[in-house]
Amino acid sequence: MHISEFQRLMKDLYSSNDKERGLQKTQLWFFEEVGELAEAMRKEDKRAIEEEMADVLAWMASLANMLDIDVEKACISKYDMKCPRCGGFPCRCDKE
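Residues numbered from 1 in each chain as written. Predicted model: local features only at pLDDT ≥ 70, side-chain atom pairs only at ≥ 80, totals over all residues. Heavy atoms only, no water.

## Observations regarding the layout of surface pockets
Vacant regions in the atomic arrangement are exposed by a probe of water-molecule size rolled over the atoms.
Line of reasoning, step 1. When its volume is computed, the largest pocket comes out at roughly 160 Å³.
Line of reasoning, step 2. Around the largest pocket, the lining residues are Ser4, Gln7, Arg8, Lys11, Ala64, Asn65, Asp68, Ile69 and Asp70.
Line of reasoning, step 3. Elements that contribute at least two residues to the lining of the largest pocket include exactly α1 (3-21) and α3 (46-66).
Line of reasoning, step 4. Here the residues of the lining of the largest pocket sort into two nonpolar, three polar and four charged. (1 Å grid on protein atoms, 1.4 Å probe; cavity = no way out; pocket = protein on both sides within 12 Å on 5 of 7 lines; lining within 4 Å. Points joined across faces, edges and corners; volume = space filled by probe spheres on them. Helix = DSSP H or I, 4+ residues; strand = E, 2+ residues; numbered from the N terminus. Nonpolar A, V, L, I, M, F, W, Y, C, P; charged D, E, K, R; others polar.)

Take a look at the structure:
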């Protein structure tokens, strides 16, 4: 599945809920999920880490949908098969 397909799935599943909840509350849910991911990582619970990573991605896609941002396009534009800071592939930032 491409990022754009996942983003579309989140839009189809949750856009009406997201609109009703609003941007600010959706943003808070996203932050909460990032916190849950941090906690799972602290505990080194691989299964929980996987689940929380999926949740973080889902909430990020919801935010992007609400802001009319194509995440896949934004990622390709910024990273374009190289490090955006040094232009290297692989990144050479720590070696410069």
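## A closer look at the pattern of salt bridges
Line of reasoning, step 1. If you walk through the whole model with that rule in mind, you get seven salt bridges.
Line of reasoning, step 2. Measuring nitrogen to oxygen at the nearest pair gives 3.6 Å for the salt bridge that ties Glu39 to Lys43. Of this pair, Glu39 and Lys43 both sit in helix α2 (residues 23-43), four residues apart, roughly one helical turn.
Line of reasoning, step 3. By relative accessible area, which is 32% here, Glu39 ends up partly exposed.
Line of reasoning, step 4. In the salt-bridge network here, residues are joined through shared partners; they are Glu39, Arg42 and Lys43. (Salt bridge = Lys/Arg side-chain N within 4 Å of Asp/Glu carboxyl O. Buried < 20%, exposed > 50% of the residue type's maximum accessible area, 1.4 Å probe, protein only.)

## With respect to the side chain of Ser62
Line of reasoning, step 1. Looking at where Ser62 falls in the secondary structure, it is placed in helix α3.
Line of reasoning, step 2. Contact partners of Ser62, with chain neighbours within four places excluded, come to Met10, Asp18 and Thr26. (Contact = heavy atoms within 4.5 Å.)

## Focus on the nonpolar core
Line of reasoning, step 1. Counting eight residues, the largest nonpolar core is built from Phe30, Leu37, Ala40, Ala48, Ile49, Val56, Trp59 and Leu63.
Line of reasoning, step 2. Contributions of two or more residues to this core are made by α2 and α3.
Line of reasoning, step 3. Tallying contributions element by element places α3 first for this core, with five residues.
Line of reasoning, step 4. Once residues within four sequence positions are removed from consideration, Ala40 is found in contact with Asp45, Ala48, Ile49 and Glu52. (Core = buried A, V, L, I, M, F, W, Y, C linked by side-chain atoms within 4.5 Å.)

## Re the packing of aromatic side chains
Line of reasoning, step 1. Enumeration over the complete set of coordinates arrives at two aromatic pairs.
Line of reasoning, step 2. On the basis of an interplanar angle of 5° and a centroid distance of 5.5 Å, the ring pair of Trp29 and Trp59 is categorised as stacked. Within this pair, whereas Trp29 is found in helix α2, its partner Trp59 is found in helix α3, the two being separated by 30 residues in sequence.
Line of reasoning, step 3. A residue is classified by how much of its surface remains accessible, and Trp29, at 38% relative accessible area, is partly exposed.
Line of reasoning, step 4. Judged by relative accessible area, Trp59 falls into the buried class, the value being 16%.
Line of reasoning, step 5. Between the aromatic rings of Phe30 and Phe31, the centroid separation amounts to 5.9 Å while the plane-to-plane angle is 50°, which identifies the pairing as tilted. (Phe/Tyr/Trp six-rings, centres within 6.5 Å; stacked < 30°, edge-to-face > 60°.)

Honestly, it's all geometry; don't read function into it.
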